[in-house]
Amino acid sequence: MRRRSASASLAVVLLVVQFSVIAPIASAADLFVDTTTDAVDADPGDGLCATAIGECSLRAAIQETNALGGAHHITLPAGSYSLTVTGSDNDMAAALDLDVHSSITIEGAGSGSTTVSQDAGDRAFEIFANGVSMSDFTISDSNGGPGGAIDVSGSLDLVRMRVTGNATSGDGGAIWVEPAGTLSVSQSRIDHNAAGGAGGGILAAGVVTLADSTIDANAAGAGGGGVEVVAGGSLTIIRSTISANAAGGHGGGVLVAGTAAITNSTISGNLAGGNGGGLAAHGGTASISYSTIADNLAGGTGGVDGAVTIEGSILGENGSENCSPGVTSGGYNVSSDGSCAFSAAGDLTGVDPMIGPLADNGGSTRTHTPHPS
């Protein structure tokens, strides 16, 4: 039997070591973006985040993770990342918006330090995959449709994010959640977005959860200045504030044609051209518990309109009336006028709730606090 010489064996070992050093990593588990310039990846799927000049752009990182599949982490340092690559959108992030097909986490350096914007006339992100997470950066100045900044057909978690200054001529000024999509927003702010259609901040056809977040100063040409939930969609709001939003139609703060459950939250200072300056449930149902609905205005009912059940909540100074006839009580509510016709256990009607202005009172969002005269 022929024996391999020691020198031949050593050569094989050296070749194996050399190959393991220069070969691309099969799974790009952790990518670090090192340029603010928008450029495509030179060879998606080779395991390297590298443009033609060897830099790792945000677009290149997403193209690489799309090609590799699996779960990945992308670090996005402080800076302004403008998406400028034009061309035909192939849904693989080669041009226009950043199409996400793998379970990535994108982590910025803080919403005041890291910003992604779209300068090529499209939204910033389109989420196809499940298990996508974004944290600690701002998405601004994008103009897609539907969904000015983000279109979600997979699942997306937004944590400590800001989505601001985006627009669409259609629905979902900031975010459009498709029927198969799921969106979770926590410790975040969605503000100053605009939709020519419905849902100035968010248009929810899928499942949306807001926690410890603010939906503020968004505008819709149709209904749902802050959020609209269409038939088949669902919305859960916990410890959040819906404020200063405006709708040309119904639901200055929230319009519900699906289902909505709102707990420990504030709906304040919203405006509707139709009914429900704070919230309108038209074709859907909503429940509000342990919340404050105040200082909302509308062409019709200023506060809450439609098929809404309210429990343990405060309604005060909502235009001409706090409630429409369809609103029912679960008990222990306070209303500054008699329009709600509350008569369940613990209800108080025609009583000034004596709350202070919407302000920073130490919680995660602005609130109204008791303000005795």
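Above this text you will find the structure in question.
Residues numbered from 1 in each chain as written. Predicted model: local features only at pLDDT ≥ 70, side-chain atom pairs only at ≥ 80, totals over all residues. Heavy atoms only, no water.

1. Observations concerning the overall build of the protein chain
Counting its secondary structure elements, the protein chain contains two helices and 37 strands. In terms of overall dimensions, the protein chain has C-alpha extents of about 100 × 40 × 35 Å along its principal axes. Scored against the burial criterion, the 373 residues of the protein chain give a buried share of 51%. Nonlocal contacts in the protein chain, meaning residues at least 24 apart in sequence, comprise 64% of its contacts between residues at least 6 apart. Here the protein chain displays about 14,400 Å² of accessible surface, and carbon together with sulfur accounts for 55% of that area. Here the protein chain contributes 10 positive and 35 negative side-chain charges, whose respective centroids are spaced 18 Å apart. (Helix = DSSP H or I, 4+ residues; strand = E, 2+ residues; numbered from the N terminus. Buried < 20%, exposed > 50% of the residue type's maximum accessible area, 1.4 Å probe, protein only. Contact = heavy atoms within 4.5 Å. Areas by Shrake-Rupley, 256 points an atom, 1.4 Å probe, with all protein chains shown as cover. Lys, Arg positive; Asp, Glu negative; His and termini not counted. Charge placed at Lys NZ, Arg CZ, Asp CG, Glu CD.)

2. Notes on the sheet that holds strand β16 (residues 189–191)
One open sheet accounts for twelve strands, arranged β3-β6-β9-β12-β16-β20-β24-β28-β31-β34-β36-β37; its pairing is parallel. In the strand order of this sheet, the two ends are held by β3 (79–83) and β37 (348–349), each with one partner. Relative to strand β12 (residues 162–164), strand β9 (residues 138–140) runs parallel, the two being bridged by three bridges. Pairing of Ile139 across the sheet is with Val163, part of β12. (Pairing = 2+ DSSP bridges.)

3. Re the state of the cysteines
Taken as a whole and judged by the stated rule, the model has two disulfides. Here Cys49 pairs with Cys56 through a disulfide, and the sulfurs are 2.1 Å apart. Judged by the torsion about the S-S bond (95°), the Cys49/Cys56 disulfide is right-handed. Accessibility classification places Cys49 together with Cys56 in one group, the buried group. The disulfide partner of Cys323 is Cys340, and the gap between their sulfur atoms is 2.0 Å. Classification of the bridge connecting Cys323 and Cys340 rests on its S-S torsion, roughly 70°, and on that basis the disulfide is right-handed. One end of the pair, Cys323, is in the loop between β34 (314–316) and β35 (328–331); the other, Cys340, is in the loop between β36 (334–335) and β37, with 17 residues separating them in the sequence. (Disulfide = S-S within 2.5 Å.)

4. Remarks on helix α2 (residues 58–68)
With nine of its eleven residues buried, α2 lies for the most part within the structure. Considered for burial, the residues of α2 that qualify are Leu58, Arg59, Ala60, Ala61, Ile62, Gln63, Glu64, Thr65 and Asn66. Remark: Gly69 follows α2 within two positions and exhibits a positive phi of approximately 70°.

5. Comments concerning the environment of Glu126
Topologically, Glu126 is positioned in strand β7 (residues 125–127). Between the C-alpha atoms of Glu126 and Ile150, which are 24 residues apart in sequence, the distance is 5.6 Å. Not counting residues up to four positions away in its chain, the partners in contact with Glu126 are Asp91, Asp97, Leu98, Asp99, Val100 and Asp151. Here the side chain of Glu126 touches Arg123 through a polar contact of 3.5 Å, side chain to side chain. (Polar contact = N/O pair within 3.5 Å; in protein donor to acceptor, adjacent residues only side chain to side chain.)

6. Observations regarding the sheet that holds strand β25 (residues 246–247)
Pairing is parallel across the open sheet formed by six strands, whose spatial order is β13-β17-β21-β25-β29-β32. A strand with exactly one partner marks an edge of an open sheet, and here the two such strands are β13 (167–168) and β32 (297–298). Summarising the sheet, strand β29 (residues 271–272) and β32 pair through two bridges and their orientation is parallel. Paired with Leu271 across the bridge in β32 is Leu297.

7. Regarding the pattern of salt bridges
Per the stated rule, a full pass over the model turns up ten salt bridges. For Arg123, the salt bridge goes to Asp151, with nearest N and O atoms at 3.9 Å. Of this pair, Arg123 sits in the loop between β6 (114–118) and β7 while Asp151 sits in strand β10 (residues 150–152); the two residues are 28 residues apart in sequence, bridging distant segments of the chain. Considered together, Arg123 and Asp151 belong to a single accessibility category, that of buried residues. Among the salt bridges present, the one from Arg239 reaches Asp212, with a minimum N-O distance of 2.8 Å. Of this pair, Arg239 sits in the loop between β23 (234–238) and β24 (241–243) while Asp212 sits in the loop between β19 (207–211) and β20 (214–216), and the two are 27 residues apart along the sequence. Because the salt bridges share partners, they merge into one network encompassing Arg162, Arg189, Asp191, Asp216 and Arg366. (Salt bridge = Lys/Arg side-chain N within 4 Å of Asp/Glu carboxyl O.)

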